[in-house]
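# Observations on the three-dimensional arrangement
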Amino acid sequence: MTALNKEYINWLKQLKERIRSAQIKAASRVNAELLFLYWELGKEIQEKEQEARWGTKLIEQLSKDLLNEFPGMKGFSRTNLFYIKKWYLFYNSNDSIVPQPVGLLSSRKKLPVNKSASGPDAAKVPQFVGQIPWGHHREIITHCKTTKEAFFYITQTATHNWSRSVLLHQIESGLYKRKGKAITNFEQTLPAPQGDLANELLKSPYNFEFLQLGPEANERDLENALTDHLVKFLLELGAGFAFIGRQQLLVVDSEDFFIDLLFYHTRLHCYVVVELKIDNFKPEYAGKLNFYLSAVDAQLKAKEDQPSIGLLLCKKSGKLIVEYSLKNISKPIGVSEYKLTESVPGKLKGKLPTIKEIEAELKKIT
C-alpha cells in the first residue's frame, strides 16, 4: 500500500470520527430543544388549567389541534401532553423546591455536553437533563418519588448510556437505595479519589433473584449460577466490571488457592476479587480475602494498576461485626449482602402448604 493510500485511510478515519461526533452533538441539541419546548408547554398547560375559563378539557382539545397542525409529531398525543404536564409539576411541587436542572431548562441556558468520564456529583446534574431522551424522563417521573431520586437516575442514565429497559431494571431493583451501601474500609486503605469512587460503585444488597436457587444451594452452586447468568450478573454489578475468570488459581508456597470470581474494573484500574459466601458474614472471611488480595497484588497487579479491591458477598452482614473485622486490615475490602428469590414461582402458588398447615401436621405427628 502506498504512502498516499495510508494517508487517505488515516484522514478518512478521522473524518468518520468527526462526523459521528457532530451527529451526537446535533442529536443532543435537538433533544435539549425538545425538552425545553415540553417544559414551557407543561408550564403553560398548568397555568391555563388554573384559569377557570380554560376548563379541564384543555389537554384533549390542545392535542386535537396540535395533531391536526403537526400530524407527524407523536409528542402531541393526549397521553403525552398529560406526561408533559406531570413532568413540569413533578419538579415544581415535589420536595417543595424548584431544582437546579429544571431552573436550567426554564431559563433556556445552553445544556453542555457531558465531558466527564467518571460519575459526576450532584452539583453537575444539570448538564444531564437534556442528554437523556424524553421516554426516559417519563419513566423516571412515573417511578421516582423524590427529585433527589430522579436526579440520581438521570445522572446514571446519561453517564452509562442506559437504554430504557436497563433504566427500568435499575429502578425496579431499587438501585438508588442500594448504591454505596456496602460496609468498607476504603477510607483507611485507599487514597480519597479512588476510595470515594470505589465506595460509590459498590452496593448492598446485591439482587440475585434471577438465579432461582433453593435453600439447599451451596457456595459452588451460587458461583455456577452467577457465571451461567453472567450478563445479568455484570448488569447487577454495574458499569466497569470486566470478567476475568472463576476459580482463579493462585500458587503461594507451592500450595494452590482458588479465587471464586476475578474481575478487572476499567474505571478504578484495578483487580476486584469477589468471594461468595452462602451464609452470614464471619470475621475469618475478611482475613482470607485479605490474603487473596495480597497474593493478587504480588502476582497479577501491574505497575500501572491501582491496589486490588475485595468484595465479599454474603447472606447477611452485621454492621459492627464487619467494622471490627475490617478495622486493622490493610487491604481495601467491601462487604455486601445479596438477596435471592423470596417469592414462590407463579406455577407453585396455591399448590404448596401454608405455614399454618405445616404446623398443624407437625402437631398431629407429635
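Just so you know, these numbers come straight off a predicted model, no measurement behind them.

### A few points about the pattern of salt bridges
- Counted by the stated rule, this structure contains 4 salt bridges.
- For Lys85, the salt bridge is made with Glu49, and the minimal N-O distance between the two is 2.5 Å. Here Lys85 is found in helix H3 (residues 78-93), whereas its partner Glu49 is found in helix H1 (residues 3-50), with 36 residues between them in sequence.
- Residue Lys85 is classed as buried on the basis of its relative accessible area of 18%.
- Between Lys319 and Glu323 there is a salt bridge, with its nearest N and O atoms 2.5 Å apart. Here Lys319 and its partner Glu323 are both found in helix H14 (residues 319-326), 4 residues apart, which amounts to about one turn of the helix.

### A closer look at the packing of aromatic side chains
- In total, this model carries 14 aromatic pairs according to the counting rule given.
- An angle of 90° between the planes, with centres 5.5 Å apart, marks the rings of Trp39 and Trp87 as edge-to-face. Highlighted residues: Trp39 in helix H1 and Trp87 in helix H3, separated in sequence by 48 residues. Accessibility assignment for this pair places Trp39 and Trp87 in one class, buried.
- We note Lys277 situated over the ring of Tyr285; from NZ or CZ to the ring centre the distance is 4.6 Å.

### A word on the side chain of Lys277
- Relative to the helices and strands, Lys277 resides in the loop between strand S5 (270-276) and helix H13 (283-299).
- A residue is classified by how much of its surface remains accessible, and Lys277, at 8% relative accessible area, is buried.

### Focus on the nonpolar core
- Among the nonpolar cores identified, the biggest contains 31 residues, and Leu81, Trp87, Tyr91, Ile140 and Tyr153 are the most heavily contacted of them.
- Grouped together as the second largest cluster of nonpolar side chains are 25 residues, Leu201, Leu222, Phe263 and Leu313 included.

### A word on a nonpolar patch on the surface
- On the surface, a nonpolar cluster with roughly 330 Å² of combined accessible area is contributed by Tyr8, Ile9 and Trp11.
- On the secondary structure map, Tyr8 appears in helix H1.
- Looking at Tyr8, the relative accessible area reads 45%, which means it is partly exposed.

### Let's talk about unusual backbone geometry
- Unlike most non-glycine residues, Ser254 shows phi in positive territory, near 65°.
- By secondary structure assignment, the location of Ser254 is in the loop between strand S3 (241-252) and strand S4 (255-265).
- The exposed category is assigned to Ser254, whose relative accessible area is 72%.
- With a phi close to 55°, His269 is a non-glycine residue in the positive phi region.

### Quick word on the confidence of the model for the protein chain
- Per-residue confidence for the protein chain gives a mean pLDDT of 76; residues scoring 70 or more make up 77%.
- The secondary-structure element of the protein chain with the lowest mean pLDDT is helix H15 (residues 355-365), recorded at 47, while H13 shows the highest, at 92.
- Counting interchain partners and residues more than four positions distant, the pLDDT-below-50 stretch residues 108-126 has 31 contacts.
- Segment residues 342-359: pLDDT under 50, and 5 contacts once partners within four positions in sequence are set aside and those in other chains are kept.

### Description of the packing of helix H5 (residues 134-143) against helix H7 (residues 164-172)
- Packing of H5 against H7 brings their axes to within 10 Å, and their N-to-C directions diverge by 15°. Comparing their axes, H7 and H5 come out roughly parallel. Remark: the crossing between H5 and H7 carries right-handed chirality. Residues Gly135, His136, Glu139, Ile140 and His143 of H5 form the contact with H7, whose own contacting residues are Arg164, Leu167, Leu168 and Ile171.

### So, the pairing of S5
- Counting buried positions along S5 gives 7 out of 7 residues, so the element sits mostly inside the fold.
- Bridging between S4 and S5 involves 5 bridges; their strand directions are antiparallel. Counted as the bridge partner of Leu262 is Val273 from S5.
- Joining the antiparallel neighbours S4 and S5 is a turn of 4 residues, in which His269 adopts a positive phi near 55°.
- Sheet analysis places S5 next to strand S6 (residues 309-314), joined by 5 bridges and oriented parallel. Looking at the pairing, Leu276 lines up with Leu313 of S6.

What counts and how
- Residues numbered from 1 in each chain as written.
- Predicted model: local features only at pLDDT ≥ 70, side-chain atom pairs only at ≥ 80, totals over all residues.
- Heavy atoms only, no water.
- Salt bridge = Lys/Arg side-chain N within 4 Å of Asp/Glu carboxyl O.
- Helix = DSSP H or I, 4+ residues; strand = E, 2+ residues; numbered from the N terminus.
- Buried < 20%, exposed > 50% of the residue type's maximum accessible area, 1.4 Å probe, protein only.
- Phe/Tyr/Trp six-rings, centres within 6.5 Å; stacked < 30°, edge-to-face > 60°.
- Lys NZ or Arg CZ within 6 Å of the ring centre and 35° of its normal.
- Core = buried A, V, L, I, M, F, W, Y, C linked by side-chain atoms within 4.5 Å.
- Patch = residues over 30% accessible without salt bridge, like charges linked within 9 Å, V, L, I, M, F, W, Y side chains within 5 Å.
- Areas by Shrake-Rupley, 256 points an atom, 1.4 Å probe, with all protein chains shown as cover.
- pLDDT = per-residue confidence, 0-100.
- Contact = heavy atoms within 4.5 Å.
- Axes fitted to C-alpha atoms, helices over the stretch in contact; angles between N-to-C directions.
- Parallel < 35°, antiparallel > 145°, perpendicular 65-115°, else oblique.
- Left-handed = near helix turned anticlockwise from the far one by under 90°.
- Pairing = 2+ DSSP bridges.

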